[in-house]
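# Secondary and tertiary structure notes
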Amino acid sequence: MIEEPYRWVEAIANRREYIEAQLALGSPIAALGFRGGIVLLTLGKTRQKIFEIYDRIAMGAIGHPGDIERLRLAAIELASTEGFTRSAVDVSLRRLAHYSLSPAMKSAFEQVYGAPYLARMLFAEVGERPEEDLFLRVEYDGEIATNGATLGQARQDFAVLSGTRQSRELMESFLKTEHSPDASFDAVVKSALDAWSVGHMTLQIGDAKELPERAAVAKYRQEQLAESGIEAGILERDRSKAIRYRSLSDKELRAFAND
Amino acid sequence: MEPSPVALDQNFSGAVDDFPALLRRKGLLAPAASITATHQPGNVHQTSWQPTEATTILAFKFSGGVLVAGDRRATAGNTVVYDRADKVLEIDRHSIMAIAGVPATAWEMARVLEHSFQYFRRTQLQEMSVDGKVRALSKLLRDNFGFAMQGVGVVVPIFATYDSYPKPEARLYFYDAMGAQFEAADYAATGSGSPAVRGILYYENNWGAKPLQKLHEDEAISIALRALDTAAESDTSTGGVDRGGKIYPLIKIVSREGITTLPEQKIATVFKEKVA
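The present account deals with the structure reproduced in this document. Residue indices follow the written sequence of each chain, beginning from 1 at its first position. The lettering of chains begins at A and the numbering of ligands begins at 1, in the order of writing. Two thresholds apply to this predicted model, a pLDDT of at least 70 for residue-level local features and 80 or more for giving and counting side-chain atom pairs, whereas whole-chain, interface and lining totals are computed over all residues.

## Some remarks on the overall build of chain A
Which entries qualify depends on this criterion: By the criteria applied, helices consist of DSSP H or I runs no shorter than four residues and strands consist of E runs no shorter than two, each listed in order from the N terminus. We compute the radius of gyration from the C-alpha atoms alone; for a globule the expected value is 2.2 Å times N to the 0.38, where N is the number of residues. Three exposure classes are used, all based on how many other C-beta atoms lie within 10 Å of a residue's own C-beta (placed from the backbone): buried at 20 or more, exposed at 12 or fewer, and partly exposed between those limits.
Looking only at helices and strands, one finds seven helices and ten strands in chain A. In terms of overall size, chain A behaves like a compact globule, its C-alpha atoms giving a radius of gyration of 18 Å where 259 residues would be expected to give roughly 18 Å. Considering only C-alpha atoms, chain A reaches an extent of 60 × 50 × 40 Å along its principal axes. When burial is assessed residue by residue, chain A has 46% of its 259 residues classed as buried.

## Quick look at the sheet that holds strand S7 (residues 144–146) of chain A
Residues and elements named next belong to chain A. Stated formally: When DSSP finds at least two bridges between two strands, those strands are taken to pair. Working convention: axes come from line fits to C-alpha atoms, limited for helices to the stretch in contact. Angles between N-to-C directions cover 0 to 180 degrees.
Taken together, the five strands give an open sheet; going across it, the order is S3-S4-S5-S6-S7, and neighbouring strands pair in antiparallel fashion. Single-partner strands in this sheet number two, and they are strand S3 (50–54) and S7. Adjacent strand axes in the sheet meet at a mean angle of 25°, parallel and antiparallel pairs treated alike.

## A few points about the pairing of strand S9 (residues 229–236) of chain A
All names here are of chain A. Of all eight residues making up S9, six are buried, and the element is well covered by its neighbours. When strand S2 (residues 37–44) meets S9, the two strands line up antiparallel, connected through eight bridges. Among the inter-strand pairings, Gly37 is bridged to a residue of S9, identified as Glu236. Note: S9 against strand S10 (residues 245–248), four bridges, orientation antiparallel. Note that in S10 the partner of Ile234 across the bridge is Arg246.

## Here's the deal with the nonpolar core
Convention followed: Put simply, a nonpolar core is buried Ala, Val, Leu, Ile, Met, Phe, Trp, Tyr and Cys residues tied into one set by C-beta atoms within 7 Å.
Among the nonpolar cores identified, the biggest contains 153 residues, and A:Ala30, A:Ala31, B:Leu58, B:Ala59, B:Leu67, B:Val68 and B:Ala224 are the most heavily contacted of them. A total of nine residues in this core trace back to one element, the largest contributor, which is helix H5 (residues 217–234) of chain B.

## Observations regarding the packing of H5(B) against helix H6 (residues 264–275) of chain B
All names here are of chain B. What counts here: Should an angle fall under 35 degrees it is taken as roughly parallel, and over 145 as roughly antiparallel, whereas 65 to 115 is taken as roughly perpendicular and any remaining angle as oblique. Our contact criterion uses C-beta atoms placed from the backbone: two residues qualify when those atoms are within 7 Å. For this scheme, ten residues count as nonpolar: Ala, Val, Leu, Ile, Met, Phe, Trp, Tyr, Cys and Pro. Four count as charged, namely Asp, Glu, Lys and Arg, and the remainder, Gly too, count as polar.
It is at 9 Å that the axes of H5 and H6 come closest, and there the two elements cross at 75°. Judged on the interaxial angle alone, H6 and H5 are roughly perpendicular. Across the interface between the two elements, Asp218, Ile221, Ser222, Leu225, Arg226 and Asp229 from H5 touch Ile267, Val270, Phe271, Lys274 and Val275 from H6. In terms of residue class, the contact of H5 with H6 is made up of six nonpolar, one polar and four charged.

## A few points about the environment of B:Gln118
Within the secondary structure layout, B:Gln118 lies in helix H2 (residues 103–124). Spatially, the C-alpha atom of B:Gln118 lies 25 Å from that of B:Leu262, the residues being 144 residues apart in sequence.

## Some thoughts on the sheet that holds strand S2 (residues 57–62) of chain B
All names here are of chain B. A sheet is described by the order of its strands in space; here five strands give the open sequence S11-S2-S3-S12-S13, paired in antiparallel fashion. Only two strands of the sheet have a single neighbouring strand rather than two, namely strand S11 (187–190) and strand S13 (258–261). When strand polarity is set aside, the average angle formed by the axes of neighbouring strands in this sheet is 15°. Bridging between strand S12 (residues 250–255) and S13 involves four bridges; their strand directions are antiparallel. Each bridged residue has a counterpart across the sheet, and for Lys252 the counterpart in S13 is Thr261.

## Regarding unusual backbone geometry
Residues and elements named next belong to chain B. Positive phi values are uncommon outside glycine, yet Leu125 reaches one of about 60°. Among the structural elements, Leu125 can be located in the loop between H2 and helix H3 (130–149). Overall, the presence of 12 C-beta atoms within 10 Å leaves Leu125 in the exposed class. The residue Lys246 is not glycine, and still its phi comes out positive at about 50°. Structurally, Lys246 can be placed in the loop between H5 and S12.

## Section: helix H3 (residues 93–110) of chain A
All names here are of chain A. Note the cut-off: A helix is expected to reach a length of 1.5 Å times the quantity of its residues less one. Bend, in this description, refers to the angle at a residue between axes fitted to the seven residues ending there and the seven starting there.
When the terminal C-alpha atoms of H3 are compared, their 24 Å separation across 18 residues agrees well with the 26 Å that a helix rising 1.5 Å per residue should span. At Leu101, H3 shows its strongest bend, of approximately 40°, with the proline Pro103 following within four residues. Contact partners of the buried residues in H3: strand S4 (57–63), helix H2 (65–85), strand S5 (119–125), strand S6 (134–138) and S7.

## Some points on the pairing of strand S8 (residues 158–161) of chain A
Residues and elements named next belong to chain A. Neither face of S8 is left uncovered, since the one carrying Phe158 and Val160 and the one carrying Ala159 and Leu161 both have all their residues buried. Sheet analysis places strand S1 (residues 29–34) next to S8, joined by four bridges and oriented antiparallel. Pairing of Leu32 across the sheet is with Phe158, part of S8.

## What to know about the packing of H2(A) against H3(A)
Residues and elements named next belong to chain A. Condition: Handedness of a crossing is defined here by the sense of rotation of the near helix relative to the far one, left-handed for an anticlockwise turn of less than a right angle and right-handed for a clockwise turn.
At a minimum axis distance of 11 Å, the contact between H2 and H3 shows a crossing angle of 120°. When the axis of H2 is compared with that of H3, the two are oblique. Both H2 and H3 take part in a crossing whose hand is right-handed. On the side of H2, the interface is formed by Leu71, Ala75, Leu78 and Ala79, while H3 contributes Leu96, Ser100 and Leu101. Of the residues assigned to the contact of H2 with H3, the class counts are six nonpolar, one polar and no charged.

## Some words on the environment of A:Tyr220
Within the secondary structure, A:Tyr220 is located in helix H6 (residues 214–227). When neighbours within four sequence positions are excluded, A:Tyr220 is seen to be in contact with A:Ser197 and A:Met201.

Read these as geometric descriptors, not functional statements.
Quick look at the structure:
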């Protein structure tokens, strides 16, 4: 059937619809850059969603655990062999995503007789200064978005990932006003928790167009914290260390969450 | 269609590979050398070419963890190739590999090892156990044994690390060229100057002012410097302490907090007070 171009387009559209529906329940992930590094944070009940990829690169993902696992291992494998044959400094997120992951994901997506990757990923790479941080969102079809900004816009020191476009956009507009790279670590954790709450609320309500009230966000955050765990990691900007990733425990972060 | 740049086939699973196997699959690491195929005694051209070799390293447990020290000389036959060689290498936050033997092979091994531990942590989402790390080095030595038999690439390392399980304690291992691992209770030394060093450490441990494990940091440093200087006295391949050039051995300490590299100034001070 897909010898006909129209059928192919239709098949792709169906596939897109199917994947979007599968991803729509994915719990949001926020990545916020500040002077001390980059914090990646989400709330969850079951599986791990934030991972170390290489010395300065971390990943958060939603989707099918099997697909996330294959993409995660491929990313680690590529970064590790590159770092081994050349140098850890030569491992770059930009090349990893643009030249390796994206083409592979695109071709899996467009070969309609094979299975696509049911995953949406957020990568962060910590730079020497907050301006040099890189955030990339890689979609199931290989599409890549950078820092939530276009060429014409100022670069934002955060990026988010969520089940739906609407949820993501509301999180972005929330962080645009709430987050500054000059913020302290505890302020960053708070903003990340609030951004997660905004995104998660939107997924629950379905058709929200505007940011919820602050009080509503705070209330929602406390409700969710009571029943879910905080999962987070930090890429530290500390130049004295080669490996910058460290996972942050729920216990470590709870203190900041209750204000 | 062109092959995808990433091996993302549907059955792909990186979980089964260890890092050296991954490197071999990608053609980035030489296969393990065959032991029998090319070994012919007398085939090594001793006179025309000799590999660069690094010598004398020592390690012992003291009150603050494990001290690992190495002289700085690298030789080829009776030529000094380099007098600032680094034979005490950090593998991860708590592990040190010190090398005697051919640096070309040893540094590559250290590099493979360093990446192996990180690769394991990242893919398996947990730290490799100390037993796993000790075994990983053993496997690399075993893979290299064919080269060692051909007279090139002999490496005899010491591995020092800090274990948190089952109980927090410093662990010290030494190896032979075939990959057998031996856990040292108190001290280890390998390389051409090691007989002298072992003599000194044995003496200090049994009849010295106090056993090695009870030494404070400064006392431990002075014994390490004296031992290397003694080794250099009779072994031309060991650099010891270069008094004229002010080149001191490299000393690192593994403890619960991680690895500390002693600043040269500190070593120089102890040397002046206790050794020179």
